[in-house]
Amino acid sequence: MKVLGLFLIALVVYTQAVEDGELQQKWTEFQAKFGKSYRSPLEARKRFNIFKQNLEEIDVHNANYEKGLSTYKKGINQFADWTNEEFEQYLNQGLKGVPKPIAKPFKSIEGEEIPDSIDWREKGAVNAIRNQQGCGCCWAFSAAAAIESALAISSGKLRSLSVQNLNDCSWSERNSGCQGGWAHFAFEYVKKNGIESEEDYPYFVHDLQCKADSSKVVTKISDYVHIEAGNEEDLKNAIARQPVSVAIVANNNLRAYHSGIFSDPACNNHILNHIVVAIGYGSENGHDYYIVRNSWGEAFGENGYFKLARNQGNMCRVTDVAYYPVI
């Protein structure tokens, strides 16, 4: 019995050592992949402990996914050493209350052919994923991407438009740069002033003084259209025409999203805090979804995109503030 007890103790110690070694390897790989560095050994230890806790939550969730208890998987991304509170602070802090629609309402066209699925990437109307990094201007990335797609559909030419132009210059339309804003306020700015190219007005990850140059404007928009809050059928029909800017609730489950169809009823109970672009929709194994273009870089989710549950009670409030621009 004594020998058996010593063997079991040794087995536990060995197993723990293997697990610790695997954790250290994941931690090292995480830091290298995302260029993480810390101010001091104390800060590094703090971040390691947060990483460990987040990894444990990911493992528990994915075990439930394998049992068929969830429709999406979680994974390690750039947010894996952040606390829930830090992630919430990172999100759009400028979304204070839902603004009333200031655009013409979406109207279905009788006899309009609506496909069962669509992905505007396949039609050459969506640019590569970008990364807003430390600036809370997801609204500007969403607006620029939606205009890029509208321009590509109307002209056949896909251009890269300036997020920084919107970030710096649409304060007059009630946006607040890196502190947050609304995509349709950016549409109003572009309707009046136009938008420049990314090449002429590159992204700097922080607010700058507006240096708009009317001679370098790539395009203006003639109008923008509002989808009725709560109407997922209209949102689908609008996406069939072109990508749509949508505000959502991004919670701490979404921040660890890796793949699959994101569905979390808890996200419906919070304020809107992130703006993205719905660039398609479809169905998979009986589950409807939207294809959503994010602005957190390609390391997030499915190469920068995620699938959001569709026809599940306005998941993450996806229809509450939805607009698209008209060239």
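Rules behind the numbers
- Residues numbered from 1 in each chain as written.
- Predicted model: local features only at pLDDT ≥ 70, side-chain atom pairs only at ≥ 80, totals over all residues.
- Heavy atoms only, no water.
- UniProt positions renumbered as here; feature names shortened; annotations may be inferred.
- Helix = DSSP H or I, 4+ residues; strand = E, 2+ residues; numbered from the N terminus.
- Buried < 20%, exposed > 50% of the residue type's maximum accessible area, 1.4 Å probe, protein only.
- Contact = heavy atoms within 4.5 Å.
- Core = buried A, V, L, I, M, F, W, Y, C linked by side-chain atoms within 4.5 Å.
- 1 Å grid on protein atoms, 1.4 Å probe; cavity = no way out; pocket = protein on both sides within 12 Å on 5 of 7 lines; lining within 4 Å.
- Points joined across faces, edges and corners; volume = space filled by probe spheres on them.
- Nonpolar A, V, L, I, M, F, W, Y, C, P; charged D, E, K, R; others polar.
- Pairing = 2+ DSSP bridges.
- Axes fitted to C-alpha atoms, helices over the stretch in contact; angles between N-to-C directions.
- Parallel < 35°, antiparallel > 145°, perpendicular 65-115°, else oblique.
- Left-handed = near helix turned anticlockwise from the far one by under 90°.
- Polar contact = N/O pair within 3.5 Å; in protein donor to acceptor, adjacent residues only side chain to side chain.

- In UniProt, the chain has this text filed under Sequence similarities (unreviewed entry): "Belongs to the peptidase C1 family."

1. Focus: the overall build of the chain
Item 1. Check the secondary structure of the chain and you find 7 helices and 12 strands.
Item 2. Judged by the C-alpha coordinates and their principal axes, the chain covers about 85 × 45 × 35 Å.
Item 3. Counting only residues that meet the buried cut, the chain has 52% of its 327 residues in that class.
Item 4. Intrachain contacts of the chain at a sequence separation of at least 6 include 77% that bridge at least 24 residues.

2. Regarding the nonpolar core
Item 1. In terms of nonpolar packing, the biggest core is built from 82 residues, with L166, L235, I239, V244 and V246 touching the most fellow members.
Item 2. Among the elements that take part in this core, helix α4 (residues 138–155) stands out by supplying 10 residues, more than any other.
Item 3. Discounting chain neighbours no more than four positions away, the residues touching L235 are I227, V244, V246, Y290, V318, T319 and A322.
Item 4. Among the nonpolar cores identified, the runner-up in size contains 9 residues, and W27, Y38, F48 and F51 belong to it.

3. What about empty space enclosed by the protein?
Item 1. According to the stated counting rule, one finds 2 cavities of 30 Å³ or more in the structure shown.
Item 2. By volume, the largest cavity is sized at about 60 Å³.
Item 3. Every residue along the wall of the largest cavity is listed here: R130, C138, F141, S142, I275, V276, V277, R293, N294 and S295.
Item 4. Broken down by secondary-structure element, the contributors of at least two residues to the lining of the largest cavity are α4 and β9 (274–284).
Item 5. Partitioning the lining of the largest cavity into residue classes produces 5 nonpolar, 3 polar and 2 charged.
Item 6. Estimates place the volume of the second largest cavity at around 40 Å³.
Item 7. Together, W182, A183, H184, S245, V246, A247, I275, V321 and Y323 line the second largest cavity.
Item 8. When contributions to the lining of the second largest cavity are tallied by element, the ones reaching two or more residues are α6 (183–193) and β7 (244–248).
Item 9. At 3 residues, the largest contribution of residues to the lining of the second largest cavity is made by β7.
Item 10. When grouped by side-chain class, the residues that make up the lining of the second largest cavity number 7 nonpolar, 2 polar and no charged.

4. Let's talk about the environment of K73
Item 1. Summarising the element assignment, K73 is placed in strand β1 (residues 72–74).
Item 2. Given a relative accessible area of 26%, K73 falls into the partly exposed group.
Item 3. For the pair K73 and D59, spaced 14 residues apart in sequence, the C-alpha separation works out to 9.5 Å.
Item 4. Residue contacts for K73: discarding those within four places in its chain leaves H61, N62, Y65, E66, A256, Y257, H258 and S259.

5. Overview of the pairing of β9
Item 1. Burial analysis of β9 places 9 of its 11 residues in the buried class, which makes it a mostly covered element.
Item 2. Relative to β9, strand β3 (residues 118–119) runs antiparallel, the two sharing 2 bridges. Within β9, the position partnered with D119 by the bridge is G280.
Item 3. Strand direction decides the pairing type here: β7 and β9, joined by 5 bridges, are antiparallel. The partner of A247 across the bridge, within β9, is I275.
Item 4. A loop of 2 residues connects β9 with strand β10 (residues 287–293), the two strands running antiparallel in sequence, and N285 in this loop sits at a positive phi of about 50°.

6. Concerning the packing of α4 against α6
Item 1. Running from amino to carboxyl end, α4 crosses α6 at an angle of 55°, the nearest separation of the two axes being 8 Å. One finds that α4 runs oblique with respect to α6. The two elements α4 and α6 cross, and the hand of that crossing is right-handed. Contacts between α4 and α6 involve W139, S142, A143, A146 and I147 from the first element and A183, A186, F187 and V190 from the second.
Item 2. Across the contact of α4 with α6, the residue classes break down as 8 nonpolar, 1 polar and no charged.

7. Examining unusual backbone geometry
Item 1. Its identity as a non-glycine residue notwithstanding, R174 has a phi of 80°, on the positive side.
Item 2. Positive phi is not limited to glycine here, since N314 has a value of about 60°.
Item 3. Looking at where N314 falls in the secondary structure, it is placed in the loop between β11 (305–309) and β12 (322–326).

8. A few points about the side chain of D320
Item 1. As for its placement among the helices and strands, D320 is situated in the loop between β11 and β12.
Item 2. Within polar-contact distance, the side chain of D320 engages the side chain of N314 at 2.8 Å.
Item 3. A polar side-chain atom of D320 sits 2.7 Å from a polar atom in the side chain of R317.
Item 4. When sequence neighbours within four positions are dropped, the list of residues in contact with D320 reads V98, A229, L272 and N314.

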